[in-house]
Amino acid sequence: MKRLNFKNQVLLCWSFLLLAIYLPFSAFATTCAEATNVPSVPYTAMVTCTGTNDVNAGNVTNFCGLSTLYLGGDEALLTLTPDESGFYEISITGQSWTSLVVFDGCPTTGANCIDGVANSATSKTIAVDLEEGVEYFILVDTWPAPQSPCLGAGTEISISFLGSGFYCFGGPTSNAFT
């Protein structure tokens, strides 16, 4: 077996180091076919973008009544297929002028918007009632300026399961006053 010279050893070490740094921040896909899968909940990851605006006002027909200007920047797209029906909390932190929206299918093929929020705050949270076995798409997008929710400052997304059978007022397991 041939030994690597010092220069090649250094290059090899740097390659592994860069790979170790880059993998946790790997780019999130921006098309439905390439959307980043959320393997399990709870889930936390740094959001990074690919530098394209594939999901935009021209191909999203239902945006929960939010301003479609929040579809004007680069985005990150994730998929979540819950293992359990119930309420899930989805949060992003770290970048202003962003939207966080959940769809019951691919947003560019006419899916219904389940819930969403879009504003200038640097932290956003929504709680959505999701069904077991249904594939949902989670979109993180921006107003055209800043161009991206992933400016390297550290936009983080987190998803947690809140539970099932939770009702504030009304519903089959309600503890609401009558």
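Residues numbered from 1 in each chain as written. Predicted model: local features only at pLDDT ≥ 70, side-chain atom pairs only at ≥ 80, totals over all residues. Heavy atoms only, no water.

## Topic: the side chain of D74
Residue position: D74 is located in the loop between β2 (43-46) and β3 (76-80). Non-local contacts of D74, meaning those with residues more than four positions away in its chain, are made with C49, G51, T52, N53, V140, D141, T142, Q147, S148 and P149. (Helix = DSSP H or I, 4+ residues; strand = E, 2+ residues; numbered from the N terminus. Contact = heavy atoms within 4.5 Å.)

## Comments concerning the state of the cysteines
Covalently bonding the sulfur atom of one cysteine to the sulfur atom of another cysteine gives a disulfide. In total, this model carries two disulfides according to the counting rule given. Paired by a disulfide, C32 and C106 hold their sulfur atoms 1.8 Å apart. The sign of the 80° torsion about the S-S bond sets the C32-C106 disulfide as right-handed. Linking C32 in the loop between α1 (6-22) and β1 (36-37) with C106 in the loop between β5 (98-103) and β6 (113-119), this pair joins segments that are 74 residues apart in sequence. Residue C32 is classed as buried on the basis of its relative accessible area, which comes to 18%. Owing to a relative accessible area of 13%, C106 belongs among the buried residues under this scheme. Through a disulfide, C64 is tied to C113; the S-S separation comes to 1.7 Å. (Disulfide = S-S within 2.5 Å. Buried < 20%, exposed > 50% of the residue type's maximum accessible area, 1.4 Å probe, protein only.)

## Remarks on the pairing of strand β9 (residues 156-163)
Where β2 lies against β9, four bridges are found, and the strand directions are antiparallel. Across the sheet, the residue bridging to M46 is E156, located in β9. Direction of pairing for strand β4 (residues 86-93) relative to β9: antiparallel, over a ladder of seven bridges. Each residue of the ladder has a partner; that of E89, found in β9, is S160. (Pairing = 2+ DSSP bridges.)

## Points about the packing of aromatic side chains
One pass over the full model with this rule turns up three aromatic pairs. Each ring, one from Y70 and one from W143, has its centre 5.1 Å from the other, and the planes form 70°; the classification is edge-to-face. Of this pair, Y70 sits in the loop between β2 and β3 while W143 sits in the loop between β8 (136-142) and β9, and the two are 73 residues apart along the sequence. A residue is classified by how much of its surface remains accessible, and W143, at 28% relative accessible area, is partly exposed. Through a chain of ring-to-ring contacts, the aromatic side chains of Y70, W97 and W143 assemble into a single cluster. (Phe/Tyr/Trp six-rings, centres within 6.5 Å; stacked < 30°, edge-to-face > 60°.)

## Comments concerning unusual backbone geometry
Cis peptide bonds are those with omega within 30 degrees of zero, and the linkage from V41 to P42 qualifies with 10°. Along the chain, P42 turns up in the loop between β1 and β2. You will see that C64, though not glycine, has its phi angle at about 60°, which is positive. Backbone geometry at W97 places phi at a positive 55°, although glycine is not the residue there. Within the secondary structure, W97 sits in the loop between β4 and β5. Look at W97 and you get partly exposed, because its relative accessible area is 35%.

## Some remarks on the sheet that holds β3
Backbone hydrogen bonds hold the strands of a sheet together, and the pairing may be parallel or antiparallel. Overall, mixed pairing links the five strands, which are arranged β1-β3-β8-β5-β6 in an open sheet. Taken across any chain shown, the strands that pair with only one partner, and hence form the sheet edges, are β1 and β6. Relative to β8, β3 runs antiparallel, the two sharing five bridges. Paired with L78 across the bridge in β8 is I138.

## So, the confidence of the model for the protein
The predicted model of the protein has a mean per-residue pLDDT of 80, with 73% of residues at 70 or higher. Below pLDDT 50 for its whole length, residues 6-27 participates in eleven contacts with residues either more than four positions away or in separate chains. Every residue in residues 170-178 scores below 50 in pLDDT, and together they form seven contacts with partners more than four places removed in sequence or on other chains. (pLDDT = per-residue confidence, 0-100.)

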